[in-house]
Amino acid sequence: MNFCIQEDIDKILIGLKHHYKDIAGKNFLIAGGGGFLGPYISLIIEKINQISSKKSKILALDNFINESNKKEFRNFKNVKLRKCDIINKINFPDKFDYIINAAGIASPFYYRKYPLQTLDVAITGTRNLLELAKKNSSKFTFFSSSEIYGNPDNKNVPTSESYRGNVATSGPRACYDESKRLGETLCYIYNKEYKVHTNCIRPFNVYGPGMKKNDYRVLPNFAQQIKKGQKLNIYGSGKQTRTYCYIVDAIIGFFKVFVKGKSGEMYNIGNNKPEISVLDLTKIICEIFKGDKIKYSLIKYPSSYPSDEPQRRCPDLSKARKDLNYHPIINIKEGLEKYLNWSKINY
């Protein structure tokens, strides 16, 4: 499987051209290196290596609990991919400039299947990496989630980083939501008590090439159903709304946090428009495949998928604009067309 599109990589590099000096020659540790985001992060650093006299090195860690993109690492010259579970004690002799914790079980299907592992990686794993960051004086970035906001009321949508959340401590989503919140608390403590430079990224519905076909989230589900000529199954009423961020804009935003994020701060990274319902999403997909007959139907939530999902999700990006000069550029139709065409070939 080709996990990315070359045109996307080129756009990411253009978006980061002013930050090459902050990346070149630095050592990176990336936990969750074999997931959806890890290979993109490694590839961008490798591309910058090719045009810079200073070479960065990357140690990518993954426990491979789910399907991974590890085959892609065969072509990376300066990346070592190591099987490692970060919930165990971590001690590497190398010194790292950046430590990035992108490890986690983000799919509702899988965190319902592995609730304790979901807790462990976000809490114990994050603390182990923070200890390493303290020892190395590294910049530390924790991939949190927009799910930490829970189900905000309408007056808090778009949702800013200052919103404290409306999250349940029990229920099928709690293992993910609450562990991400506690991971952020650990970052706060290490920043205040030990002066570790920490940032938390709260991604909003990132999608694109490289997503696992068995991720069981809405777009991989739709992509597989389209390929099989099946109806698109929409869970619940289909009125729940989201904004969707294509991988190009997401990776640019993530790197901007790595190199420009203010110490101790958290940032929403995603797209703030359009906020659309799942029903609207299917209509856009039908427009893309207007030559084909794409049908959809509403179904009950399957037992394997938690039904208490937030009704709205849309980020306020004011802070990311001000601190990071972050401006997403890929519109929803363009991003969906790229992803769905890629999935036809690669799924």
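Treat the numbers as computed from the prediction; the structure is a model and nothing was measured.

Draft legend 1. Representation of the packing of helix H7 (residues 218-227) against helix H9 (residues 278-288) in the model. Between H7 and H9, the shortest axis-to-axis distance is 12 Å and the interhelical angle comes to 40 degrees. By the angle between their directions, the pair H7 and H9 is classed as oblique. When the axes of H7 and H9 are compared, the crossing they make is right-handed. Here H7 contributes Val-218, Leu-219, Phe-222 and Ile-226 to the contact with H9, which in turn contributes Val-278, Leu-281, Thr-282 and Ile-285. Partitioned by chemical class, the residues of the contact of H7 with H9 number seven nonpolar, one polar and no charged.

Draft legend 2. Structural view of the packing of aromatic side chains. As enumerated under the stated definition, the model contains 21 aromatic pairs in all. Ring geometry for Phe-36 and Tyr-40: centres 6.3 Å apart, planes at 90 degrees, overall edge-to-face. Exposure class is identical for Phe-36 and Tyr-40. Each is buried. Aromatic side chains Phe-143 and Phe-254 sit 4.8 Å apart centroid to centroid with 85 degrees between the ring planes, which places their arrangement in the edge-to-face category. Of this pair, Phe-143 sits in strand S5 (residues 139-143) while Phe-254 is found in helix H8 (residues 247-260), placing the two residues 111 residues apart along the sequence. Using a relative accessible area of 4% as the deciding quantity, one classes Phe-143 as buried. Cluster of aromatic residues (ring-pair linked, three or more members): Tyr-207, Tyr-244, Tyr-246, Tyr-339, Trp-342 and Tyr-347. The ring of Tyr-194 carries the charged tip of Lys-134 above its face, separated from the ring centre by 4.2 Å. Lying across the ring of Tyr-267, Lys-319 places its NZ or CZ 5.2 Å from the centre.

Draft legend 3. Structural detail: the packing of H9 against helix H11 (residues 332-346). Contact geometry for H9 and H11: axes closest at 10 Å, N-to-C directions at 65 degrees. On the basis of the axis angle, H9 is roughly perpendicular to H11. Judged by the sense of rotation from one axis to the other, the crossing of H9 with H11 is right-handed. Here Leu-281, Ile-284, Ile-285, Glu-287 and Ile-288 of H9 lie close against H11, whose contacting residues are Ile-332, Lys-333, Leu-336, Glu-337 and Leu-340. Here the residues of the contact of H9 with H11 sort into seven nonpolar, no polar and three charged.

Draft legend 4. Molecular detail of the environment of Lys-71. By the element assignment, Lys-71 lies in the loop between strand S2 (57-62) and strand S3 (79-83). Judged by its relative accessible area of 59%, Lys-71 is exposed. Spatially, the C-alpha atom of Lys-71 lies 24 Å from that of Asp-249, the residues being 178 residues apart in sequence.

Each value, and the rule that gives it
- Residues numbered from 1 in each chain as written.
- Predicted model: local features only at pLDDT ≥ 70, side-chain atom pairs only at ≥ 80, totals over all residues.
- Heavy atoms only, no water.
- Axes fitted to C-alpha atoms, helices over the stretch in contact; angles between N-to-C directions.
- Helix = DSSP H or I, 4+ residues; strand = E, 2+ residues; numbered from the N terminus.
- Parallel < 35°, antiparallel > 145°, perpendicular 65-115°, else oblique.
- Left-handed = near helix turned anticlockwise from the far one by under 90°.
- Contact = heavy atoms within 4.5 Å.
- Nonpolar A, V, L, I, M, F, W, Y, C, P; charged D, E, K, R; others polar.
- Phe/Tyr/Trp six-rings, centres within 6.5 Å; stacked < 30°, edge-to-face > 60°.
- Buried < 20%, exposed > 50% of the residue type's maximum accessible area, 1.4 Å probe, protein only.
- Lys NZ or Arg CZ within 6 Å of the ring centre and 35° of its normal.

Purely geometric stuff here, so don't read any function into it on its own.
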